[in-house]
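Structural overview for review
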Amino acid sequence: MQKEFFAYQAQTTQFAAGFEVAKAQGSYIYGTDGKKYLDFVAGVSANTLGHSHPKIISAIKEQADKYLHVMVYGEYAQEMPVKLCQLLAENTRQPLEVTYLVNSGAEAIDGALKLAKRYTGREEIISFKNSYHGNTHGALSVSGNEYHKNAFRPLLPLVNFIEFNGEEDLQKITEKTAAVIMETIQGAAGFVLPDNSYIQKLKKRCEDTGALLILDEIQPGFGRTGKLFAFEHYGIVPDILVMGKGMGGGVPVGAFMSSRKIMETLSHSPKLGHITTFGGNPLIAAASHATLKEVLSSGLMNEISKKEQLFRELLVHPKIKKINGKGLMLAVDLGSPDYTLQVAKDCMDKGLIVFWQLYRNEYLRISPPLTISEEEIREGCRILLDVLNFD
């Protein structure tokens, strides 16, 4: 299979692992080599409830027995998409009340940008240096790493960048700004948190200028930080909320959410202001609803802080400079990109899957399923520490 993988399927790097997957269950991925590998990455934060969670599988099978795709988004009322949007509205603070379902986080970013421009009638978008919002044309335009953007210019005009946690830059948000888009926790930059009430000050500046605040919760959303969405830790509510990754528990999905007043502007002048064929697909919505329902009802979010603390207690080593992040999205600073890549490879050889951060390769990513057990945390940390001792 590896030979055919490299021959026929496009890769995103020149050093793809080509690991051959046989099956995945719980916190483990099983290779065709007969070995099992403890997964500390969870599909880059996508497998919220681990692999092949029985409630997600059951929901998919139940929906598959009824019907799959029937009509483009927004025309027909279908049970599972409606139930998913209702459950989101019931568990998200006002004025967030209406959800637009799409196929991925990046598509949701594009939709959110269009919505902000349409509602405000303004053109400027402000984003943050070192931000990452995806790789579609719009999402790439508001991402803040020039290395990943330069080969694809020209991108969207009138996008300006400010410093994350830089209070003096807040004055660059003006009455010309349609929206400020920010990751609640910067992902690719190494799980950087907002500090010193920065996010509250940002929200106030947006309110003062009439700019909308778009929060990208594609990675920290769906319980990963111990709250359904990370912004809940900071006492503010965005005007537009973007989600994806862990929302589906392992299936491709994204969404953006806002007030009814803001969202309805996509339905007229022009009509079909945003449209998607497969967004709101009932099979995907069934999996997402099962994921959200389990996250809300299982008590998993109450365990996140304890699990984070266990990681921090165990991962103490002279080669670990610091650990960024919150909850079960942690970035372990090993000081050097080359060393981090070597550690990840050696961990894989010993049965532990870890990865690195997109922009800051010196950081080792730890983002396991929320369902990971204390025993599995200890097992994985032991492997990582063993590798650090000998590398």
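Let me begin by describing the structure that accompanies this report.

1. Things to note about the overall build of the chain
Looking only at helices and strands, the chain features 13 helices and 15 strands. Taking 21 Å as the expected radius of gyration for a compact globule of 391 residues, we find that the chain reaches 21 Å, a close match to that expectation. Dimensions of the chain along its principal axes, counting C-alpha atoms only, are 60 × 55 × 45 Å. Looking at the chain as a whole, 54% of its 391 residues are labelled buried. For the chain, the exposed surface amounts to about 17500 Å²; the carbon and sulfur share of it is 52%.

2. A closer look at the pattern of salt bridges
Using the criterion set out here, one finds 16 salt bridges in the structure. Measuring nitrogen to oxygen at the nearest pair gives 3.6 Å for the salt bridge that ties Lys-66 to Glu-79. Of this pair, Lys-66 sits in the loop between helix H3 (54-64) and helix H4 (79-90) while Glu-79 sits in helix H4; the two residues are 13 residues apart in sequence, bridging distant segments of the chain. Since its relative accessible area comes to 46%, Lys-66 is described here as partly exposed. Linking Glu-163 and Lys-129 is a salt bridge whose minimum nitrogen-to-oxygen distance equals 3.1 Å. With a gap of 34 residues between them, Glu-163 in the loop between strand E6 (159-162) and strand E7 (177-183) and Lys-129 in the loop between strand E5 (124-128) and helix H6 (137-141) connect regions that are remote in the sequence.

3. Points about unusual backbone geometry
Residue Arg-153 is joined to Pro-154 through a cis peptide bond whose omega torsion reads 5 degrees. Structurally, the position occupied by Pro-154 is in the loop between helix H7 (146-149) and E6. In this model, Ser-269 is joined to Pro-270 through a cis peptide bond whose omega is 10 degrees. By the element assignment, Pro-270 lies in the loop between helix H9 (260-263) and helix H10 (282-297). One non-glycine residue with positive phi stands out, namely Asn-165, at about 70 degrees. Secondary-structure assignment places Asn-165 in the loop between E6 and E7.

Criteria and cut-off values
- Residues numbered from 1 in each chain as written.
- Predicted model: local features only at pLDDT ≥ 70, side-chain atom pairs only at ≥ 80, totals over all residues.
- Heavy atoms only, no water.
- Helix = DSSP H or I, 4+ residues; strand = E, 2+ residues; numbered from the N terminus.
- Rg over C-alpha atoms; globule rule 2.2 N^0.38 Å.
- Buried < 20%, exposed > 50% of the residue type's maximum accessible area, 1.4 Å probe, protein only.
- Areas by Shrake-Rupley, 256 points an atom, 1.4 Å probe, with all protein chains shown as cover.
- Salt bridge = Lys/Arg side-chain N within 4 Å of Asp/Glu carboxyl O.

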